[in-house]
Amino acid sequence: MVSVFQRGCNVAIEMPPGETLTGLTKKAFLESLCISVQTMKVEEIFDQLEFMQ
């Protein structure tokens, strides 16, 4: 994940089965958007992505 963010990515979307990667990424990269599909509704995900633009 460090390498990914060093290359300019600022959005991480984790697919089920959990949200472990999302939690670790949030702690490491405070200025990024980290989403767990398991815990958010589709509308919430799109709202968050629009906010980042």
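Residues numbered from 1 in each chain as written. Predicted model: local features only at pLDDT ≥ 70, side-chain atom pairs only at ≥ 80, totals over all residues. Heavy atoms only, no water.

S.K.: Is there a simple way to think about the overall build of the chain in this case?
M.R.: On a plain count of helices and strands, the chain comes out with three helices and two strands. Going from N to C terminus, the chain has its helices and strands arranged as α-β-α-β-α. Expressed as a percentage of the 53 residues in the chain, the buried residues total 25%. The long-range fraction of contacts in the chain, counting pairs at least 24 apart against all pairs at least 6 apart in sequence, stands at 16%. Surface accessibility of the chain: about 4,200 Å² in total, with carbon and sulfur atoms responsible for 58%. Across the chain, 4 positive and 7 negative side-chain charges occur, with their mean positions spaced 9 Å apart. (Helix = DSSP H or I, 4+ residues; strand = E, 2+ residues; numbered from the N terminus. Buried < 20%, exposed > 50% of the residue type's maximum accessible area, 1.4 Å probe, protein only. Contact = heavy atoms within 4.5 Å. Areas by Shrake-Rupley, 256 points an atom, 1.4 Å probe, with all protein chains shown as cover. Lys, Arg positive; Asp, Glu negative; His and termini not counted. Charge placed at Lys NZ, Arg CZ, Asp CG, Glu CD.)

S.K.: Explain the pairing of strand E1 (residues 11-14) to me, please; I cannot follow it from the model alone.
M.R.: Two faces make up the sheet, and in a regular strand the side chains alternate between them. Burial along E1 is one-sided: the residues Ala12 and Glu14 are buried and none of Val11 and Ile13 is. Tracing the backbone out of E1, into helix H2 (residues 20-28) and back to the parallel element strand E2 (residues 33-36) gives a crossover that is right-handed. (Right-handed = clockwise from strand over helix to strand, strands pointing away.)

S.K.: How should I be thinking about a nonpolar patch on the surface in this particular structure?
M.R.: A cluster of nonpolar residues, Met1, Val4 and Leu21, forms a patch on the protein surface that exposes about 230 Å² of accessible area. Here Leu21 is to be found in helix H2. (Patch = residues over 30% accessible without salt bridge, like charges linked within 9 Å, V, L, I, M, F, W, Y side chains within 5 Å. Salt bridge = Lys/Arg side-chain N within 4 Å of Asp/Glu carboxyl O.)

S.K.: Looking at this model, I keep getting lost on a negative patch on the surface. Mind explaining?
M.R.: Taken together, the side chains of Glu43, Glu44, Asp47 and Glu50 make up a negatively charged region of the molecular surface. Within the fold, Glu50 resides in helix H3 (residues 42-52).

S.K.: How should I be thinking about the packing of aromatic side chains in this particular structure?
M.R.: The way to describe two aromatic rings as a pair is by their centre distance and the angle between their planes. If you walk through the whole model with that rule in mind, you get one aromatic pair. Residues Phe5 and Phe29 carry aromatic rings whose centres are separated by 4.1 Å and whose planes lie at 25° to one another, so their mutual orientation is stacked. Of this pair, Phe5 sits in helix H1 (residues 2-6) while Phe29 sits in the loop between H2 and E2, and the two are 24 residues apart along the sequence. As far as burial versus exposure is concerned, Phe5 and Phe29 are alike and both buried. (Phe/Tyr/Trp six-rings, centres within 6.5 Å; stacked < 30°, edge-to-face > 60°.)

Everything listed is a geometric property; what it means functionally is a separate question.
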